[in-house]
Amino acid sequence: VRVPVGTQVLDSELNLIADIAKPGQEAVVAIGGRGGFGNAHFKSAKRQVPRVAERGEPGDEKELVLELKLLADVGLVGMPNAGKSTFLASVTRAKPKIADYPFTTLIPNLGIATVDGHGIVIADIPGLIEGASDGRGLGIQFLKHIERSKIILHFVDFWSDDAADSYLKIRKELEKYSKLLANKEEIIAFTKIDGVDAKEV
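Computed from a predicted model, the values in this text were never measured in an experiment. (Residues numbered from 1 in each chain as written. Predicted model: local features only at pLDDT ≥ 70, side-chain atom pairs only at ≥ 80, totals over all residues. Heavy atoms only, no water.)

**What to know about the confidence of the model for the protein chain**
Of the residues in the protein chain, 84% have a pLDDT of 70 or more, and the chain-wide mean is 78. Between the elements of the protein chain, mean pLDDT differs from a low of 68, seen in helix α2 (residues 139-146), to a high of 92, seen in strand β8 (residues 186-191). In this model residues 101-105 is a low-confidence stretch, pLDDT under 50, and it forms 15 contacts with partners more than four residues away in sequence or in other chains. (pLDDT = per-residue confidence, 0-100. Helix = DSSP H or I, 4+ residues; strand = E, 2+ residues; numbered from the N terminus. Contact = heavy atoms within 4.5 Å.)

**Side note on the side chain of Asp124**
Along the chain, Asp124 turns up in strand β6 (residues 118-124). Lys84 provides the closest opposite charge to the buried, salt-bridge-free Asp124, at an N-O distance of 5.0 Å. Polar side-chain contacts of Asp124 include one of 2.7 Å to the side chain of Ser85. (Buried < 20%, exposed > 50% of the residue type's maximum accessible area, 1.4 Å probe, protein only. Lys, Arg positive; Asp, Glu negative; His and termini not counted. Salt bridge = Lys/Arg side-chain N within 4 Å of Asp/Glu carboxyl O. Polar contact = N/O pair within 3.5 Å; in protein donor to acceptor, adjacent residues only side chain to side chain.)

**Focus on helix α3 (residues 163-177)**
With 15 residues, α3 extends 22 Å from end C-alpha to end C-alpha; this agrees with the ideal 21 Å at 1.5 Å per step. Residues of α3 that are buried: Ala163, Ser166, Tyr167, Ile170, Arg171, Glu173 and Leu174. Considered in projection along α3, the buried side chains sweep an arc of 160 degrees and stay on one side of the axis. The distance from a side-chain oxygen at the start of α3 to the backbone nitrogen of Ala164 is 3.2 Å, and the residue carrying that oxygen is Asp162. (Expected span 1.5 Å × (residues − 1). Arc of directions from axis to C-beta.)

**Quick notes on the sheet that holds strand β1 (residues 7-10)**
Pairing is antiparallel across the open sheet formed by 3 strands, whose spatial order is β2-β1-β3. Edge positions in the sheet fall to β2 (16-20) and β3 (65-68), since each of these pairs with one other strand and no more. In this sheet, neighbouring strand axes are inclined to one another by 20 degrees on average, regardless of whether the strands run parallel or antiparallel. Summarising the sheet, β1 and β2 pair through 4 bridges and their orientation is antiparallel. When the bridges of β2 are listed, Leu10 appears paired with Leu16. (Pairing = 2+ DSSP bridges. Axes fitted to C-alpha atoms, helices over the stretch in contact; angles between N-to-C directions.)

Rendered as structure tokens:
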């Protein structure tokens, strides 16, 4: 079976069996049974067209879960309405929905930016909230996509009630979700600082 690059194959208990991370990569997830002899095996001088064949042995039967994770160089995270989609639209040709209310982004958006002549893929995921790693909001559906990003760009709204608290809440969710996310390199970006002097920032 051909699957897209970025697909993880899990067993019914969600244990990882295979991670298809490169084009052309192959993985054996179940073993077929030994095949029986076909009718050509029973052909002889006397029996030119045999109508006999052997049944093969049954192969493995497994219930599998295929989970696609986006492949991106940069993963954008932050609270809802922190400016992630605005950034993506500014640096790429992506056209995510942009509005001045939380949870405008409901699905991940991808864009390609050109930096020093090289294209980099940027993934914008829906805003995270406290409890996202436990399934609150839309977070748990999309945290998995950031795991494949090479770096996290963490947006913090300068005008939020407590910018430091907003940042720490998202960090806590990333760390609770997986060690991979907890240890990923991160850049912090304050947003909405138009007209604010550097000293205040």
